[in-house]
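The primary structure of each chain is shown beneath.
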Amino acid sequence: MTSSDLLSDEYQPPETLLVPHLNSPSPFIWTAEEFANRLAKDAHRYGMKGMATDPEEYDMSELSRLKEIPNSMAVFCMATYGEGDPTDNAQEFYDWMQGTDDDLEGVNFAVFGLGNKTYEHFNATGNYTDKRLAELGGKRVFDLGLGDDDSNLEEDFISWKEQFWPAVCEFFGVEATGEESSIRQFELVVHNDINMNQVYTGEMGRLKSFQTQKPPFDSKNLFLAPVTVNRKLNKGGNRHLMHIELDIMDSKIRYDAGDHVAVYPTNDAAVVNRIGERLGVDLDTVISLKNLDEESNKKHPFPCPSTYRTALTHYLDINNTPRKNVLYELSQYTSDPQEQENMRKMASASPEGKALYQSWVLDSERNILAILEDLPSLNPPVDHLCELLPRLQARYYSIASSNKVHPTSIHICAVVIEYTTKTGRFYKGVATNWLKNKEVTENGHKHTVPMYVRRSQFRLPFKPSNPVIMIGPGTGIAPFVGFIQERAWQKEQGKDVGETILYFGCRHKNEDFLYQQELEEFERAGVLTQLNVAFSRDQEHKIYVQHLLKKNKEQLWKLIHSNNAHIYVCGDARNMARDVHTAFYEIAEEVGGLTHTQAVDYFKKLMTKGRYSQDVWS
């Protein structure tokens, strides 16, 4: 934290509400920042000054100085991902909390955690932050909030926020102003005469970073990786599963099997054009959105100056369903009283409003274009719309290759998402359709993908002699392709390589047996000790990977209990990972003679030791 954040003046109300947002490279990567911004905007309605900050940009060891400002507090929006890990931009703050003995007496705080109950360590980072700040002497102004993305993260946040503000008002002895009018955070600046070399065209950080590439590459300095292979993996069916290879030859990027590649997609140009036509704007107008609070470290909501077209293509999420606060803010721009009433009702916390939002927005999967098309009287200024829309997120894919075998390329395995929604619109997943269209041509031109590598804890055992049991149905096979390649390389180096067992699942053997040829070759070469495949729909009753695990229970228990085997699970967290958990519990009970409680504890200890690892998504 710097002195610019420690604001004060003659007002008696809590004049500083510091809201550090801890973004997650998970399904809610920008949500923490979005919630922090909403709290900062709310603060103005209570006569307070609010500021959303990124803790990565501040020295959080100076948190104790917040007590120097009368009537101040910090609210932490903390996201958790992976195995209960803090997010990338929270790591330094998290490390500081673990090691410090600073006295935070006099520092007022509250914490809202963002997590997902399908994961083992639900909201671990939020829980730890709330507990640790109190241990260091901080004053908890309001109870910890726990948001669950498996249910409805925004509803959890709104419910927490509705109780949070009255508690804050009581704590500081202030009253709400009662103002419910829209508060703009940014003002529009139109650049009529500007050198286009000074205008952003999709870069995340340094201007012109796509033209002059300089390592090291990270989330703010992306490498444009040429696509060298883009092939369809499945032989039939109505889905499109693809294998893509990115060339990282000149990047100095290094990766390990099990890491993730972050790619930054762009929105469908046709959707961007339709938004421009619907709102009657020239999308090529060069603009900046400038923060009205000159002391804020966040000068713009996205890189500026930019054009509306660039913002809607590269920086803003126009494909997902808008959150309630966006509907509320936009409702002021409706000329039809009924449409305005419905929008405000959907943004409310009333049971009727929740039901309407659920059915009309969420269940019907209306994105911002669908809402504009279905509410003819809604005509917001495009600059306010750009201010309200969340940032377009990076997409993270488990790398499907080993750097030992493919040091100059990164492989991706993904399924293209496309289907028809309840309103009859054709929904296309942003990233997968964008990747699908990165075709390799013979004319010498290569499509590129803006990317960087995120390190993972999903790692092969340090000792190659340890057996590995890999469970990955569908595209969950991705990291295991890299693992198997690496085990083959280790074998070639003359190392003692333990048993390598794969459990893969797909719908039909003749349609979507991904990497069939490669896997069968690895099996023939003795690299894959066992290749177990569950074809769920090739017979009357469905067979999944967990059924095959139970079939081989004696062998699996021996490997786990006696031979120090490492277990890896990749894929769907909500169903598959849970069912696999249950299968292992049953194996421990039936073969190992454990009670259910002992079995659960046994596998929790394996997780703690790093012998049961998951790379799962919801």
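About the thresholds
Sequence positions are assigned chain by chain, starting from 1 and proceeding in written order. Only residues with pLDDT of at least 70 get local features here, since the model is predicted, and only at 80 or more are side-chain atom pairs given and counted; chain-wide, interface and lining totals rely on the full set of residues. As a rule here, side-chain values come from all non-hydrogen atoms in the structure, and water together with hydrogens is ignored. Burial classes follow relative accessibility: with a 1.4 Å probe on protein chains only, a residue under 20% of its type's maximum area counts as buried, one over 50% as exposed, and anything between as partly exposed. Note on conventions: DSSP H or I runs of at least 4 residues are helices, E runs of at least 2 residues are strands, and numbering of each starts at the N terminus. Any two strands with at least two DSSP bridges between them are considered paired. UniProt positions are given in the numbering used here, feature names are shortened, and annotations may be inferred rather than shown by experiment. Where each domain begins and ends follows an automated or database-derived domain assignment. In what follows, a contact means two residues having at least one pair of non-hydrogen atoms within 4.5 Å. Using a 1.4 Å probe, buried area is obtained as the accessible area two parts lose upon being combined, added over both of them. Within this document, salt bridges are pairs made up of a side-chain nitrogen of Lys or Arg and a carboxyl oxygen of Asp or Glu, the two lying within 4 Å of each other. Definition of a polar contact: a pair of N or O atoms within 3.5 Å, with one able to donate and the other able to accept a hydrogen when the atoms are protein atoms, and with sequence-neighbouring residues admitted only if both atoms are side-chain atoms. When residues are grouped by polarity, Ala, Val, Leu, Ile, Met, Phe, Trp, Tyr, Cys and Pro land in nonpolar, Asp, Glu, Lys and Arg in charged, and all others, Gly among them, in polar. Between the rings of Phe, Tyr and Trp (Trp by its six-membered ring), a pair exists once the centres lie within 6.5 Å; its type follows the angle of the planes, with under 30 degrees stacked, over 60 edge-to-face, and the other angles tilted. A patch consists of residues whose relative accessible area exceeds 30% and which take part in no salt bridge; residues with like charges are grouped when within 9 Å of each other, and nonpolar side chains (Val, Leu, Ile, Met, Phe, Trp, Tyr) when within 5 Å. Only the protein chains shown count as cover for residues, and the accessible areas themselves come from Shrake-Rupley with a 1.4 Å probe. When charges are tallied, Lys and Arg are placed among the positive residues and Asp and Glu among the negative ones, while His and the ends of the chain are skipped. Each charge is placed at NZ for Lys, CZ for Arg, CG for Asp and CD for Glu. To define a nonpolar core, start from buried Ala, Val, Leu, Ile, Met, Phe, Trp, Tyr and Cys residues and group those joined through side-chain atoms within 4.5 Å. With axes taken as lines fitted to C-alpha atoms, and helix axes fitted only over the stretch in contact, angles between N-to-C directions fall between 0 and 180 degrees. Under this scheme an angle from 65 to 115 degrees is roughly perpendicular, one under 35 degrees roughly parallel, and one over 145 degrees roughly antiparallel; angles in between are oblique. The hand of a helix crossing depends on one turn: near helix anticlockwise from the far one by less than a right angle means left-handed, and clockwise means right-handed.

If you look the protein chain up in an unreviewed UniProt entry, it shows as NADPH--hemoprotein reductase from Sinocyclocheilus grahami.

## Quick notes on the pairing of strand E11 (residues 260-263)
Along any regular strand the residues' side chains alternate between the sheet's two faces. On E11, burial covers both faces: His-260 and Ala-262 on one face and Val-261 and Val-263 on the other are all buried. Relative to strand E14 (residues 395-398), E11 runs antiparallel, the two sharing four bridges. Paired with His-260 across the strands is Ser-398, a residue of E14. When E11 meets strand E18 (residues 448-454), the two strands line up antiparallel, connected through four bridges. From the neighbouring strand, Val-263 faces E18, where its bridge partner is Met-451.

## What about the UniProt feature "domain: FAD-binding FR-type" (unreviewed entry) in the protein chain?
The feature "domain: FAD-binding FR-type" (unreviewed entry), as given by UniProt, occupies residues 220-461 in the numbering adopted here. The span residues 220-461 carries 29% helix and 22% strand; its end-to-end C-alpha distance comes to 32 Å.

## A closer look at the domain arrangement of the protein chain
When the domains of the protein chain are assigned, the result is domain 1 (16-172), domain 2 (227-265 + 394-454), domain 3 (267-388) and domain 4 (468-616). One C-alpha centre belongs to domain 1, the other to domain 4; they are set 38 Å apart. Facing the six residues of domain 1 at the interface are eight residues of domain 4. Looking at the side of domain 1 facing domain 4, the largest losses of area belong to Glu-83, Thr-118 and Glu-120, adding up to 65% of the total buried there. Applying the counting criterion to the domain 1 and domain 4 interface returns one salt bridge. Asp-150 serves as the salt-bridge partner of Arg-574, at 2.6 Å between the closest nitrogen and oxygen. Joining domain 1 to domain 4, the criterion identifies one residue pair in polar contact (both at pLDDT 80 or more). Here the side of domain 1 that touches domain 4 is built from residues that sort into one nonpolar, one polar and four charged.

## Quick notes on the packing of aromatic side chains
Within this structure, the stated rule accounts for 31 aromatic pairs. Between Tyr-46 and Trp-165, the aromatic rings sit 4.6 Å apart at their centres with planes inclined by 10°, giving stacked as the arrangement. One end of the pair, Tyr-46, is in the loop between helix H1 (31-44) and strand E2 (50-53); the other, Trp-165, is in helix H4 (residues 153-172), with 119 residues separating them in the sequence. Take Tyr-46 and Trp-165: they sit in the same class, and that class is buried. Relative to Tyr-612, the ring of Phe-584 lies with its centre 5.8 Å away and its plane at 75°, an arrangement referred to as edge-to-face. Pair noted here: Phe-584 is in helix H18 (residues 573-590) and Tyr-612 is in strand E23 (residues 612-617), with a separation of 28 residues, a long-range link. The class of Phe-584 is buried, set by a relative accessible area of 0%.

## Concerning the environment of Leu-369
With respect to the helices, strands and loops of the structure, Leu-369 is situated in helix H10 (residues 368-374). Residues Leu-369 and Ile-318, 51 residues apart in the sequence, show an inter-C-alpha distance of 7.5 Å. If we ignore the near neighbours within four places in the chain, the residues touching Leu-369 are Val-271, Arg-274 and Ile-275.

## Structural notes on the environment of Thr-228
The topology assignment puts Thr-228 in strand E9 (residues 223-232). Given the relative accessible area of 29%, Thr-228 is considered partly exposed. Considered as a pair, Thr-228 and Glu-341 are 113 residues apart in the sequence and their alpha carbons are 52 Å apart.

## Observations concerning a negative patch on the surface
A grouping of Glu-56, Glu-57, Asp-59, Asp-88, Glu-92, Asp-95 and Asp-218 is seen on the molecular surface, where their side chains present a negatively charged patch. With respect to the helices, strands and loops of the structure, Asp-95 is situated in helix H2 (residues 91-99).

## Considering the nonpolar core
Formed by 44 residues in total, the largest nonpolar core has its most connected members in Ile-275, Phe-302 and Leu-312. Mapped onto this core, the elements with two or more residues apiece are helix H5 (269-279), strand E12 (286-291), helix H6 (308-315), helix H7 (324-330), helix H8 (337-347), helix H9 (351-363), H10 and helix H11 (382-388). Residue contributions to this core reach at least three from each of two domains, namely domain 2 (227-265 + 394-454) and domain 3 (267-388). Residues in contact with Leu-312, not counting those within four places in the same chain, are Asn-267, Val-272, Ile-275, Leu-283, Ile-318, Cys-386 and Leu-389. Counting 33 residues, the second largest nonpolar core, distinct from the first, contains Ile-560, Ala-599, Val-600 and Tyr-612.

## Thoughts on the packing of H2 against helix H3 (residues 124-135)
When two helices pack together, their arrangement is given by the angle between their axes and by how far apart the axes lie. For the pair H2 and H3, the least separation of the axes is 11 Å and the interaxial angle reads 40°. Classed by the angle they form, the pair H2 and H3 counts as oblique. For the pair H2 and H3, the sense of crossing is left-handed. Note on element contacts: H3 touches H2 through Thr-125, Tyr-128, Thr-129, Arg-132 and Leu-133, opposite Phe-93, Tyr-94, Met-97 and Gln-98. The residue makeup of the contact of H2 with H3, split by class, is five nonpolar, three polar and one charged.

## What to know about the pattern of salt bridges
Applying the stated criterion across every chain yields a total of 35 salt bridges. A salt bridge links Asp-130 to Arg-140, with the shortest nitrogen-to-oxygen separation between them at 3.0 Å. Placement of the pair is Asp-130 in helix H3 and Arg-140 in strand E6 (residues 139-140), with a sequence separation of ten residues. When its relative accessible area of 33% is taken as the criterion, Arg-140 is described as partly exposed. Across the pair Asp-383 and Arg-184 runs a salt bridge, and its minimum N-O distance is 2.9 Å. Residue Asp-383 is found in helix H11, and its partner Arg-184 is found in the loop between H4 and strand E8 (186-190); the two are separated by 199 residues along the sequence. On the accessibility criterion, Arg-184 (25% relative accessible area) is partly exposed. Among the charged side chains, a salt-bridge network with shared partners connects Arg-274, Arg-366, Glu-373, Asp-374 and Arg-425.

## Some remarks on the pairing of strand E22 (residues 566-572)
With six of seven residues buried, E22 lies mostly within the body of the structure. Direction of pairing for E22 relative to E23: parallel, over a ladder of six bridges. When the sheet's bridge partners are listed, Ile-567 is paired in E23 with Tyr-612.

## A closer look at the packing of H8 against H9
Put simply, H8 and H9 touch, their axes get as near as 7 Å, and they point 105° apart. One finds that H8 runs roughly perpendicular with respect to H9. Seen from H8, the contacting residues are Asn-342, Lys-345 and Met-346; seen from H9, they are Glu-352, Gly-353, Leu-356, Tyr-357, Trp-360 and Val-361. Across the contact of H8 with H9, the residue classes break down as five nonpolar, two polar and two charged.

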